[in-house]
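# Observations on the three-dimensional arrangement
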There are 4 protein chains.
Amino acid sequence: MPALTALLHGPDSPGIVARTASWIFQNGGNILHADQHRDAGADVFIQRIEWQPAAGHDADAEGAQFGEYAASLGLHAKIARGDERPRVAVLVSKQGHAFHDLMLRWTAGELPCDIAFVASNHTVWEAAAREHYRVPFFHIPVAPERKHEAEARLAALAREHDVNLLVMARYMQVLSGDFLLRLCPAPVINIHHSFLPAFAGAKPYHQAHERGVKLIGATAHYATPVLDDGPIIHQAVSPITHRHSVEDLVRLGQDLEKQVLAQAVRWHLQNRVLAYGKKTVVFE
Amino acid sequence: MPALTALLHGPDSPGIVARTASWIFQNGGNILHADQHRDAGADVFIQRIEWQPAAGHDADAEGAQFGEYAASLGLHAKIARGDERPRVAVLVSKQGHAFHDLMLRWTAGELPCDIAFVASNHTVWEAAAREHYRVPFFHIPVAPERKHEAEARLAALAREHDVNLLVMARYMQVLSGDFLLRLCPAPVINIHHSFLPAFAGAKPYHQAHERGVKLIGATAHYATPVLDDGPIIHQAVSPITHRHSVEDLVRLGQDLEKQVLAQAVRWHLQNRVLAYGKKTVVFE
Amino acid sequence: MPALTALLHGPDSPGIVARTASWIFQNGGNILHADQHRDAGADVFIQRIEWQPAAGHDADAEGAQFGEYAASLGLHAKIARGDERPRVAVLVSKQGHAFHDLMLRWTAGELPCDIAFVASNHTVWEAAAREHYRVPFFHIPVAPERKHEAEARLAALAREHDVNLLVMARYMQVLSGDFLLRLCPAPVINIHHSFLPAFAGAKPYHQAHERGVKLIGATAHYATPVLDDGPIIHQAVSPITHRHSVEDLVRLGQDLEKQVLAQAVRWHLQNRVLAYGKKTVVFE
Amino acid sequence: MPALTALLHGPDSPGIVARTASWIFQNGGNILHADQHRDAGADVFIQRIEWQPAAGHDADAEGAQFGEYAASLGLHAKIARGDERPRVAVLVSKQGHAFHDLMLRWTAGELPCDIAFVASNHTVWEAAAREHYRVPFFHIPVAPERKHEAEARLAALAREHDVNLLVMARYMQVLSGDFLLRLCPAPVINIHHSFLPAFAGAKPYHQAHERGVKLIGATAHYATPVLDDGPIIHQAVSPITHRHSVEDLVRLGQDLEKQVLAQAVRWHLQNRVLAYGKKTVVFE
């Protein structure tokens, strides 16, 4: 019998923590973890609660009932079974470090998901995807003037493969607002190779080198129509000195990118991340 | 009306999270924060719960009633009012960095406590304590062969001044098991200038330099009769290189010591730290 | 006999490392440390070299002669005696954390300088400066419409007291380009409470909280007429979560500000920092 | 024409920095980088110097001549050509994270070496080595009572393949003193999954969890006959909390292991690491 996890959010009200806990208890469940957050400024209550339903209960039914109860409290609930494996599409271009890192972690069991497919605007990693990691690969060339077609094809593939999450593992194409808001059936996580909001846009390591900063960073965020502006899930930095060339920044930054992206994807897959407004809450 | 905070621990049992939440709710309280931990190996349940009692309720009475309810669930409860200010004694020897750091943070309002007194086996910081920070100062010389007397005097002072916590801010005396287990009326937090368990005992920076480690650390822990072996509250490290002399390690380490000790004391004062066995749970 | 330190910069040329080393050797000196950097893009050679002159040599004379030799190689040289103590003016407003931190480090011998005076647009820290740290204090009120007068007075004080460095220890006044480029006789180090270039300008912790970043930072830089745009000397960051309020960011950030500023000042005092263009080289 | 790098060490003497610089200059070379360290306690002078020989010079001849000159100053010199590619053998057992990380970095051009072969006491990674990374693989089973045979075979392979460095990428066998001191033709770098000297020996993550430390670490060091006691090249740590199970520590620790090992190997390959006594100097 799998555990259930609910990620709740909505307007705050007194007694809300006790009410959700009581509902689970009265239904014979045992709370394994519970964590909550109040954003006083935005008047938002957010909770993540994980529980073991009573023996013999149907997990899907209990999840649905809990969702209805949450709705009666004015809360939106996203509920996941512990044995569910979200379906993930990985997008990659020519640079393979983040792609290989995700795939190796997935192979090692670190990422609780299925890889629905890998898609790329290049064919560099086709053999690795198919033969080494044994997942489907789709080549979706992106001609600048026909970008919309490429996006439509990607969206169609995501729908066909029941994709729950797209991960841009250094996918070097800006996804359009139309894709992100309308076409794409699932959220998109991107890794940007700077400490946002510093150095948004192109060539952040060059920008960092020129500005003479003493730290470089990486930022995993949900992609939104405004470039590099979506809710931030995770960030990390490394110290650098005047000795580091742009090439060194690229190399050191790739280590950050790999870790930050993998951590963000892992948290998302564990139903730990809730985005609201321009922010996220991450229940680590 | 102050909020109440309970730090609970005891054997785990089903429904325990829902029960404490419900008790508060049924008494008209509103839960502000709740966090819990299960140590499966040790079969220990630990919870920190902070709530706003109903208007008109007596905080002390409600705290006592909650404590009785927790006891009926087999849980030990430590309950604190949000407006309580624990009374802290600061112990210092000749090196003043951790002492000044604590006192300045206290002056700036970062540490929610009263400083009951400063005690030292030297008089170096007497004027600073009295005139600059305006707190009582006691000089307790420690003659090696009459250490017990000094400890008895310190314990007596702690009792007279209703001390709730003693902080060894680089107090260069090993407190005896008799003092720690029997004489002293309150827990003692110590800062050790290494990443424990590496380099316990004397001259850890010299040990680190000799061993050629590439990081130095500091560890805040509760003092127990076995030297540098008590439950760890907080630790941090800094990178070093072969260029750093022992003197550099001392200087860099002092920054770690200050931050690690202040953070540990702050968490303790906020009722966020529970020690059990050789470990702590820190509800950040 | 004090050691000498030269900080050299100028156009790169073959043999330059060997030439400076040979000059010192042929004059009977012994090189203690030497470090250099080439910025290929800017065609700049930068070197820091520290040596012990021969017994009986006059340090000032040898320094001057070395400077002339460096000039003959096309290099600008800043030369310092190891026994020199630069004279520092500390500027502070109402928030005292960075001020106290600097003064305590200075008292403890961590900062090889003399404190010429403390100046403030408020009187909050007058007694602490005079009585606790025993340094001169000047109150320079800054009326918005008469800022120029205040800057002129500060510049005059800096000249009268032979000041070699001004440190803005959270001095909450923007210094004008006229002051920085014309009036002030010495470089100015500022601490900005964000990871620049993110969140320049006012209220960076509020900006960081609003944007939902997962790290906060602090940046020490030389002040230039463009606000928060000067060459960066040092930066550091701390991880934060959604749980941290703006007040928490301020508190955590103050720890960063103290350390980053003190480190930057220390490096500057040790003749380790060379600013060129928008960047610095720091020979740690 | 390749650059040359010399790593020198020996007793300190006056003028030594100028002498090596002058030799290079007088031979028409141009110094690209030079860095040095004095260990006053051990009376050891250590220098790394990188230079571009004059056009038309034979790099091997110039390196040999410089070595002779260094010897005349009492210094031992290890000299490498910039176009040399050391030959590396990678040892792995069942856990593949460090192995894949090294191989992917090598594939991406981050590690300036040739992979002579991969050897393992298991066959788990045979196909990956041969087919994915296209390097030779040798299965060397290690029967407890016949360990010496396995070591002899490994040493023979290392000799046959002209191996310059062996890397234990979580190779779960303790190499004997006989192997390390006598049989093996090259230095051995090991990654230990703790912050040494804390938690040497078996199951360090279990030890760390039991002790309740708040940081876990990884240490790359040269293997010596005393287990986990060799000169440390690099270390890093990650913060943990009571929420992390032993399994979490293993997962988080693997990220540390990968980075720390790769960085140590990279520095070694760039002739930046000199081990003496129980320490290393790393010229970053």
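Residues numbered from 1 in each chain as written. Chains lettered and ligands numbered in written order. Predicted model: local features only at pLDDT ≥ 70, side-chain atom pairs only at ≥ 80, totals over all residues. Heavy atoms only, no water.

The next point concerns the sheet that holds strand 8 (residues 165-168) of chain C. Residue and element names in this part refer to chain C. Pairing within the open sheet is mixed, and its seven strands lie in the order 7-6-5-8-9-10-11. Only two strands of the sheet have a single neighbouring strand rather than two, namely strand 7 (137-139) and strand 11 (232-239). Averaged over all adjacent pairs, the angle separating strand axes in this sheet is 15°, with direction ignored. Summarising the sheet, strand 5 (residues 87-92) and strand 8 pair through four bridges and their orientation is parallel. Each bridged residue has a counterpart across the sheet, and for Ala 89 the counterpart in strand 8 is Leu 166. Where helix 5 (residues 147-160) meets the sheet, its contacts fall on strand 5, strand 6 (114-120), strand 7 and strand 8, and the angle it forms with strand 6 comes to roughly 165°. (Pairing = 2+ DSSP bridges. Helix = DSSP H or I, 4+ residues; strand = E, 2+ residues; numbered from the N terminus. Axes fitted to C-alpha atoms, helices over the stretch in contact; angles between N-to-C directions. Contact = heavy atoms within 4.5 Å.)

Aligned on chain C, chain B shows an RMSD of 0.0 Å; the corresponding rotation is 180° and the shift along the axis is 0.0 Å. Expressed as an axis order, the relation between the two copies is that of a two-fold axis. Proximity to the rotation axis, assessed at the C-alpha, singles out His 132 of chain B in chain B; its C-alpha lies 3.4 Å from the axis. (Least-squares fit on C-alpha atoms with pLDDT ≥ 70 in both.)

With that settled, the discussion passes to the relation of the copies chain A and chain C. When chain A is brought onto chain C, the operation consists of a screw motion whose angular component is 180° and whose axial shift is 0.0 Å, with 0.0 Å RMSD remaining. When you check the interface residues of chain A against chain C, 100% turn up at the interface there too, and the contact is symmetric in its surfaces.

Two side chains that carry opposite charge are able to pair once their charged atoms sit near each other. The tally for this structure, following the rule as stated, stands at 68 salt bridges over all chains. Measuring nitrogen to oxygen at the nearest pair gives 3.0 Å for the salt bridge that ties Arg 146 of chain B to Glu 149 of chain B. Across the pair Arg 48 of chain C and Glu 50 of chain C runs a salt bridge whose closest N-O atoms are separated by 3.3 Å. Neither residue differs from the other here; Arg 48 of chain C and Glu 50 of chain C are each classed as buried. One salt-bridge network, held together by shared partners, links Asp 101, Arg 105 and Glu 110 of chain A together with Asp 255 and Lys 258 of chain D. (Salt bridge = Lys/Arg side-chain N within 4 Å of Asp/Glu carboxyl O. Buried < 20%, exposed > 50% of the residue type's maximum accessible area, 1.4 Å probe, protein only.)

A few words now on the pairing of strand 13 (residues 279-282) of chain A. Successive residues of a regular strand alternate their side chains across the two faces of the sheet. Residue and element names in this part refer to chain A. Neither face of strand 13 is left uncovered, since the one carrying Lys 279 and Val 281 and the one carrying Thr 280 and Val 282 both have all their residues buried. Two elements, strand 12 (residues 273-276) and strand 13, share four bridges in a ladder whose sense is antiparallel. Opposite Ala 275, over in strand 13, you have Thr 280 as the bridge partner. Where strand 12 hands over to strand 13, the hairpin turn is made up of two residues, of which Gly 277 adopts a positive phi near 55°.

For the rest of this paragraph, the subject is unusual backbone geometry. Looking along the chain, the bond that leaves Leu 196 of chain A and enters Pro 197 of chain A is cis, with omega of 10°. For Pro 197 of chain A, the position within the fold is in the loop between strand 9 (188-192) and helix 7 (204-211). Phi at Asp 43 of chain C is positive, roughly 50°, even though this residue is not glycine. Position of Asp 43 of chain C relative to the elements: it lies in the loop between strand 2 (30-39) and strand 3 (44-52). You can call Asp 43 of chain C partly exposed: its relative accessible area is 45%.

Moving on: helix 8 (residues 246-269) of chain C. Residues and elements named next belong to chain C. The first and last C-alpha atoms of helix 8 sit 34 Å apart over 24 residues, in line with the 34 Å expected at 1.5 Å per residue. Most of helix 8 sits out of view: 21 of its 24 residues are buried. A positive backbone phi angle near 60° is found at Asn 271, which sits one or two residues after helix 8. (Expected span 1.5 Å × (residues − 1).)

So, on to the interface of chain B and chain C. Counting residues at the interface gives 16 residues for chain B, matched by 16 residues for chain C. With both sides pooled, the region where chain B packs onto chain C buries about 1300 Å², and carbon together with sulfur makes up 43% of that total. For chain B, the biggest contributors to the area lost against chain C are Leu 104, His 132 and Arg 251 of chain B; these three give 34% of the whole. One salt bridge connects Arg 105 of chain C with Asp 255 of chain B, and the closest N-O pair in it is separated by 2.8 Å. Between the two partners, chain B and chain C, sit four residue pairs in polar contact (both at pLDDT 80 or more). Of all the secondary-structure elements, those providing two or more residues to the side of chain B that touches chain C are helix 3 (97-107), helix 4 (126-132) and helix 8 (246-269) of chain B. (Buried area = accessible area lost by both parts, 1.4 Å probe. Polar contact = N/O pair within 3.5 Å; in protein donor to acceptor, adjacent residues only side chain to side chain.)

This next bit is on the packing of aromatic side chains. Applying the stated criterion to the full structure yields 26 aromatic pairs over all chains. Between Trp 23 of chain A and Phe 66 of chain A, the aromatic rings sit 5.3 Å apart at their centres with planes inclined by 75°, giving edge-to-face as the arrangement. Linking Trp 23 of chain A in helix 1 (residues 16-26) with Phe 66 of chain A in helix 2 (residues 59-72), this pair joins segments that are 43 residues apart in sequence. Accessibility assignment for this pair places Trp 23 of chain A and Phe 66 of chain A in one class, buried. Seen from their ring centres, Phe 99 of chain B and Tyr 133 of chain B are 5.9 Å apart, and the 90° between their planes marks the pair as edge-to-face. (Phe/Tyr/Trp six-rings, centres within 6.5 Å; stacked < 30°, edge-to-face > 60°.)

Residue and element names in this part refer to chain A. With domains assigned, chain A is organised as domain 1 (4-81) and domain 2 (87-282). Using C-alpha coordinates to define each centre, domain 1 is positioned 31 Å away from domain 2. At the interface, 12 residues of domain 1 touch eight residues of domain 2. Both sides together, the interface formed by domain 1 and domain 2 hides about 870 Å², and carbon and sulfur atoms give 57% of it. Its largest share of buried area at the contact with domain 2, domain 1 owes to Leu 7, Ile 46 and Arg 48, together 51% of the area lost on that side. Taken together, domain 1 and domain 2 are joined by zero salt bridges. Here domain 1 and domain 2 share four residue pairs in polar contact (both at pLDDT 80 or more) between them. Breaking the side of domain 1 that touches domain 2 down by element, the ones donating at least two residues are strand 1 (4-11), strand 2 (30-39), strand 3 (44-52) and strand 4 (76-81). Broken down by class, the residue content of the side of domain 1 that touches domain 2 amounts to six nonpolar, three polar and three charged. (Domains from an automatic or database assignment. Nonpolar A, V, L, I, M, F, W, Y, C, P; charged D, E, K, R; others polar.)

A few words on the side chain of Asp 228 of chain D. Within the secondary structure, Asp 228 of chain D sits in the loop between strand 10 (215-222) and strand 11 (232-239). Buried charge Asp 228 of chain D goes without a salt bridge, the closest partner of opposite sign being Arg 211 of chain B at 8.1 Å. Looking at Asp 228 of chain D, its side chain comes within polar contact range of the main-chain nitrogen of Gly 201 of chain D, at 2.8 Å. With sequence-adjacent residues up to four places away left out, Asp 228 of chain D is seen in contact with Arg 211 of chain B together with Asn 190, His 192, Leu 196, Ala 200, Gly 201 and His 221 of chain D. (Lys, Arg positive; Asp, Glu negative; His and termini not counted.)

The next thing to look at is the nonpolar core. If you look at the biggest cluster of nonpolar residues, it comprises 203 residues, and the most contacted ones within it are Phe 99 of chain A, Phe 99 of chain C together with Phe 99 of chain D. Setting aside residues no more than four positions away along its own chain, Phe 99 of chain D makes contact with Val 90, Val 92, Val 118, Trp 125, Ala 128, Ala 129, Tyr 133 and Ala 169 of chain D. Residues Ile 16, Ile 31 and Phe 66 of chain A together with Trp 23 of chain B belong to the second largest nonpolar core, which totals 38 residues. (Core = buried A, V, L, I, M, F, W, Y, C linked by side-chain atoms within 4.5 Å.)

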